[in-house]
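Chain residues, written in single-letter form:
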Amino acid sequence: MSIRRLFCLVLTLWLLAGSAFAAAPALQEEIYAPEALLYCVESGQTFYEKEADKPVPPASVTKLMTALVVLEHEADLSQTTTVSDTAVDIERDSTNIALVPGEEVTLEDMLYATLMQSANDAANVLAEYVGGTQAGFAQMMNARAAALGCTGSHFENAHGLDAPGHVMTARDVARILAALLDDPRFLEIAGALVYTMPATNMQPEARTFYTKQRMLRQNSKFYNEYAIAGKNGYTTGAQHTQCMAARRDGLTYIAVSLGSSGNMYYPWRDMRTLFAYALDDLHPVTIGAGQLRQMADAAGIAGADPQEEVTLALPLDADAGALSLAGVPDEAGAYPVSLDTEDGIQAVGTLSAAALGLAARETAAEDTASAPQD
């Protein structure tokens with residue numbers, strides 16, 4: 001594993017710690033959701049959070065974890081499966097694409113139906129194909145969540161309809177979406193505007209799905225040219241839920257809004273507000289290995305030997321020369337980074353030991369010590 005890849009991995013895990021700017025950013029509007037988050041995938045920075053570790057019903061945002069488990073277990077999405085009686089046994093008024101028992105469908109079509117149409121019957125079909133049973137698939141979801149470091153989420157089903165104990169946190173939603181962004185198949189499916197599912201052995205007419213992601217639709221007042229994929233949901237218990245990813249200048253931002261009630265547009269206003277800050281008020285600043293070494297030396301971090309540059313998202317008027325490192329790592333083993341501004345010292349994230357060349361040196365030493373002697 002390269003130092004860069006290890007650095008990104010540690011930064012993703014650093015999301016567990018909930019580190020953020022010392023002061024909340026100046027947002028254009030209030031955030032309506034009771035639970036929300038704004039996070040940068042590449043730098044690991046959390047810019048805004050609001051009850052981000054509170055477990056709440058997620059509704060169909062659940063389907064992100066469903067997609068992750070399916071995509072990680074199935075390389076060939078052209079494989080077919082037969083719809084069972086149990087797969088279509090869902091709440092009568094819940095979202096579906098009218099699948100019927102005995103219908104032969106592809107995994108690809110079911111993923112489009114699950115992510116674009118938010119079809120609960122399609123999610124069940126995927127669950128039964130990959131997990132054997134819906135309960136077996138839920139166990140796989142929970143195991144994958146634990147491996148990702150999702151500490152506040154638990155899954156009872158693949159579709160997200162309200163169930164006792166079925167919860168996610170805003171931080172975990174961001175973590176799961178970040179994992180999905182590594183798979184181009186997810187981006188193609190979740191970022192599609194329209195998709196037509198061909199006729200099947202039980203349905204002579206094609207079914208066409210249209211995206212529910214308003215930020216992807218140019219005719220929407222919430223359209224954002226940098227948005228790439230997302231998932232929304234609604235149930236009585238969860239209310240309105242939404243997460244979205246947007247990418248600009250090599251940095252990917254994830255916004256999460258959970259639990260909004262009273263207005264179906266509140267989550268989209270939250271997305272617009274959070275992305276306005278991320279995309280308009282921040283810019284990527286690259287810190288070279290030489291500067292990292294100087295920062296480590298100034299902080300008294302012994303043995304630092306960074307080999308690669310890193311990039312952080314900073315306010316538009318900030319540059320790398322105003323950055324400094326803390327000499328003592330935090331609980332996660334990462335070193336806090338601060339920005340010297342006119343208003344004082346502002347926390348802007350952390351750098352992993354790997355980014356500073358510490359973890360790599362320790363690993364190399366361990367490998368040498370454990371190697372058989374000639």
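Owing to the predicted nature of the structure, the values given are computational and were not obtained by experimental measurement.

Asker: Account for the overall build of the chain, with residues named and values stated.
Answerer: Within the chain, the regular secondary structure consists of ten helices and 14 strands. Look at the contacts in the chain between residues 6 or more apart in sequence, and 63% of them connect residues 24 or more apart. In the structure as shown, the chain presents an accessible area of about 15,900 Å², 48% of it carried by carbon and sulfur atoms.

Asker: An account of the sheet that holds strand 2 (residues 46–50) is requested, with residue identities and associated values reported.
Answerer: As summarised here, the arrangement of the five strands in space is 2-1-9-8-7, forming an open sheet in which the pairing is antiparallel. The sheet is open, and its two edges are formed by strand 2 and strand 7 (227–235), each paired on a single side. Along the sheet, successive strands turn relative to each other by an average axial angle of 5°, direction set aside. Pairing analysis gives nine bridges linking strand 8 (residues 239–248) to strand 9 (residues 251–260), with the strands arranged antiparallel. Looking at strand 9, one finds that alanine 246 is bridged to tyrosine 253.

Asker: Could you give an account of the nonpolar core, with specific residues and numbers?
Answerer: The biggest cluster of nonpolar side chains holds 63 residues, and the ones touching the most others in it are Ile176 and Phe186. When residues in this core are grouped by element, the largest group, eight residues, is from helix 6 (residues 170–180). The contacts of phenylalanine 186, once residues within four sequence positions are left out, are Leu64, Leu71, Leu115, Leu177, Leu180, Leu181, Gly191 and Ala229. Core analysis: the second largest hydrophobic core is formed by 25 residues, Ala36, Leu38, Phe275 and Leu279 among them.

Asker: Any chance you could break down the pairing of strand 5 (residues 194–197) for me, citing the residues and the numbers?
Answerer: Burial along strand 5 is one-sided: Tyr195 and Met197 are buried, and none of Val194 and Thr196, which face the opposite way, are. Two elements, strand 5 and strand 6 (residues 207–210), share four bridges in a ladder whose sense is antiparallel. Within the sheet, the bridge partner assigned to tyrosine 195 lies in strand 6 and is phenylalanine 209.

Asker: If you had to explain the sheet that holds strand 12 (residues 323–325) to someone new, which residues and values would you point to?
Answerer: With antiparallel pairing, the three strands of this open sheet are ordered in space as 12-13-14. Looking at strand neighbours, the two that pair on one side only are strand 12 and strand 14 (344–351), the edges of this open sheet. With strand direction ignored, the average angle separating the axes of adjacent strands in the sheet is 30°. Here strand 12 pairs with strand 13 (residues 335–341) via three bridges, running antiparallel. In the strand pairing of strand 13, serine 324 is matched with serine 338. Packed onto the sheet, helix 9 (residues 289–299) meets strand 12 and strand 14 and runs at close to 50° relative to strand 12.

Asker: If you had to explain the pairing of strand 1 (residues 35–40) to someone new, which residues and values would you point to?
Answerer: In terms of burial, strand 1 is largely enclosed, as six of its six residues are buried. Judged by which residues are buried, strand 1 turns out to be covered on both faces: Glu35, Leu37 and Tyr39 on one side and Ala36, Leu38 and Cys40 on the other are all buried. Sheet analysis places strand 1 next to strand 2, joined by four bridges and oriented antiparallel. Note on strand 2: the bridge partner recorded for tyrosine 39 is threonine 46. The hairpin formed by strand 1 and strand 2 contains five residues between the paired strands, and glycine 44 there has a positive phi angle of roughly 75°.

Asker: Kindly report on helix 5 (residues 134–148), identifying the contributing residues and their values.
Answerer: If you check helix 5, its first and last C-alpha atoms are 21 Å apart, about what 15 residues at 1.5 Å a residue would give, namely 21 Å. Those residues of helix 5 that fall on the buried side of the exposure criterion are Gly136, Phe137, Ala138, Met141, Asn142, Ala145 and Leu148. Just downstream of helix 5, glycine 149 is the residue with a positive phi angle, here 90°.

Asker: Residues and numbers for a negative patch on the surface, please.
Answerer: Judged by side-chain charge, Asp317, Asp319, Glu342 and Asp343 come together as a negatively charged surface patch. Among the secondary structure elements, aspartate 343 is positioned in the loop between strand 13 and strand 14. We classify aspartate 343 as exposed; its relative accessible area is 80%.

Asker: Any chance you could break down helix 9 for me, citing the residues and the numbers?
Answerer: Listed as buried for helix 9 are Ala289, Leu292, Met295 and Ala296. End-on, the buried residues of helix 9 take up no more than an arc of 120°, which puts them together on one face. The exposed set on the far side of helix 9, more than 90 degrees from its buried face, consists of Gln294, Asp297 and Ala298. Buried positions along helix 9 lie against strand 10 (282–287), strand 11 (310–315), strand 12 and strand 14.

Asker: Quick one: what's the story with the pattern of salt bridges, residue by residue and with numbers?
Answerer: Taken as a whole and assessed by the stated rule, the structure comprises twelve salt bridges. Salt bridges sharing common partners tie together Glu29, Arg269 and Arg272.

What counts, and where the lines are drawn
- Residues numbered from 1 in each chain as written.
- Predicted model: local features only at pLDDT ≥ 70, side-chain atom pairs only at ≥ 80, totals over all residues.
- Heavy atoms only, no water.
- Helix = DSSP H or I, 4+ residues; strand = E, 2+ residues; numbered from the N terminus.
- Contact = heavy atoms within 4.5 Å.
- Areas by Shrake-Rupley, 256 points an atom, 1.4 Å probe, with all protein chains shown as cover.
- Pairing = 2+ DSSP bridges.
- Axes fitted to C-alpha atoms, helices over the stretch in contact; angles between N-to-C directions.
- Core = buried A, V, L, I, M, F, W, Y, C linked by side-chain atoms within 4.5 Å.
- Buried < 20%, exposed > 50% of the residue type's maximum accessible area, 1.4 Å probe, protein only.
- Expected span 1.5 Å × (residues − 1).
- Patch = residues over 30% accessible without salt bridge, like charges linked within 9 Å, V, L, I, M, F, W, Y side chains within 5 Å.
- Salt bridge = Lys/Arg side-chain N within 4 Å of Asp/Glu carboxyl O.
- Lys, Arg positive; Asp, Glu negative; His and termini not counted.
- Charge placed at Lys NZ, Arg CZ, Asp CG, Glu CD.
- Arc of directions from axis to C-beta.

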